[in-house]
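Report on the structure
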Amino acid sequence: MSVLSVAFSMRSPLMLNRNFPYERANRIADSKTIIDRYFDERISRDLFLKYSRRVYNPLLSQAVIEAERSSREGKPFVICIATSGIFLDIARRYDISIINNLKKLEALGALELIAMPYFHSLASLYPGGLDEFEEQVKLQIELMKKIFSTKISVLANSHLLYNDKVSKVVESLGLQACLAEEINGKKKSPVYKVPNTEGVKVIVRNKDLSLAILEGRIEELERIGKKEGRYVVFLEAESLYPRGEGYSRLLISTLRASGVKLVGLSDLLEDLDSGTISIPEQLTTSLSEYGGSVKAWISNSMQRIAFERTASLKTLIKEAGDDKIKNLWRMLQQSDFLLSMGDVGSHFDVFSTPAEAFAVYNTIFVDFEGKVATWVQRIRKSRVQTKQYGLRTYRK
């Protein structure tokens, strides 16, 4: 019997306000908050509900049905779910049934939760250390712990971006493993050790099987059910959207009927040892659907400008020392914004061209950058004045 682990990621970005570049007078005149000016709540909600109806809810509700059947039959049935923190925030506002279905799966022992950056960002690629990336993963884990009680052992970075530095964050957070795309055609086993770490492992997905499911060749699950081996499937749930609600349900029901032993990712870690994998930063990998590298996000000049300016603002954000400012900066880091500026595109693309996506993002970011600079300037002036006041107080 084959052993199979299936993991789905779910994200739902807060979409940028496409009208921001054209409404300067209104921005000055009205009393909207900065978040309301930068982001479009209505479009964000509509996009989320669109994917909820066609993918998230069918997938999770069918998983509950199959988990209940498997429980009665005494058969293992576990699926793994990674969500951004923003996804959970939006789900709690607009479709609580998603949270309820996840809790039902948890109660049935059929759910393994996977860590992920809260803002589904590219923070792991920022120069100058991984502190921002680590903080975002911590935030997501803390939110998961508030809602669920399932232990979290595995990290899935945004779009499975991976290099050796990411494994250091896994180690720092006390997790056991990190998911990555299939590396150099390695198929002997899905689990490998990471050199120079205290037992951290990399779990690589089976690219062929994962892509077969995305392409509608669901019979591949039945084929591996008749073989011996261990397999890992990782899918961005949004990529199932073109195949419709019925396919999401069929995928889950086929998992139970295929004859595979369906286990969590952490269950694969105990007795598998297939050597080591090392990926230097310059060879960072990602999902094959995005070309397997970082180019889908930072290949053209628009993407590079947006990425570099966002990352470089980190120093001023720290100096500002304000949680609201930091949170807003992180909301502007969502990976789909950069995808919309490139050739690959985003599942949540609302722009007519990459140039429009860049124009809207750049206008918003310039406005935000100016506000941050003004805030920091005031802090610096306040420090100088305080220092001068102190000197005058003690001078005789």
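Everything in this summary refers to the structure shown in the same document. (Residues numbered from 1 in each chain as written. Predicted model: local features only at pLDDT ≥ 70, side-chain atom pairs only at ≥ 80, totals over all residues. Heavy atoms only, no water.)

Topic: the packing of helix α3 (residues 41-73) against helix α4 (residues 85-94)
- Running from N to C, α3 and α4 point in directions that differ by 85°, and their axes come no closer than 11 Å. If you check the angle between α3 and α4, you find them roughly perpendicular. The segment α3 lies against α4, with Glu41, Arg45, Phe48, Leu49 and Tyr56 engaging Phe87, Ile90, Ala91, Arg93 and Tyr94.
- Of the residues assigned to the contact of α3 with α4, the class counts are seven nonpolar, no polar and three charged. (Axes fitted to C-alpha atoms, helices over the stretch in contact; angles between N-to-C directions. Helix = DSSP H or I, 4+ residues; strand = E, 2+ residues; numbered from the N terminus. Parallel < 35°, antiparallel > 145°, perpendicular 65-115°, else oblique. Contact = heavy atoms within 4.5 Å. Nonpolar A, V, L, I, M, F, W, Y, C, P; charged D, E, K, R; others polar.)

Some points on the sheet that holds strand β5 (residues 177-180)
- The mixed open sheet is built from four strands, whose spatial order is β4-β5-β7-β6. At either end of the open sheet lies a strand with only one pairing partner, and these are β4 (154-155) and β6 (191-193).
- One ladder, built from two bridges, connects β4 with β5; its direction is parallel. Bridge pairing in β5 places Leu155 opposite Cys178. (Pairing = 2+ DSSP bridges.)

A short note on the side chain of Gln136
- Within the secondary structure, Gln136 is located in helix α6 (residues 131-147).
- Classification of Gln136 as buried rests on a relative accessible area of 0%.
- Beyond its immediate stretch of four places on either side in the chain, Gln136 contacts Met116, Pro117, Tyr118, Phe119, Ser121, Ala123, Arg330 and Gln333. (Buried < 20%, exposed > 50% of the residue type's maximum accessible area, 1.4 Å probe, protein only.)

Everything listed here is a matter of geometry and, on its own, says nothing about what the molecule does.
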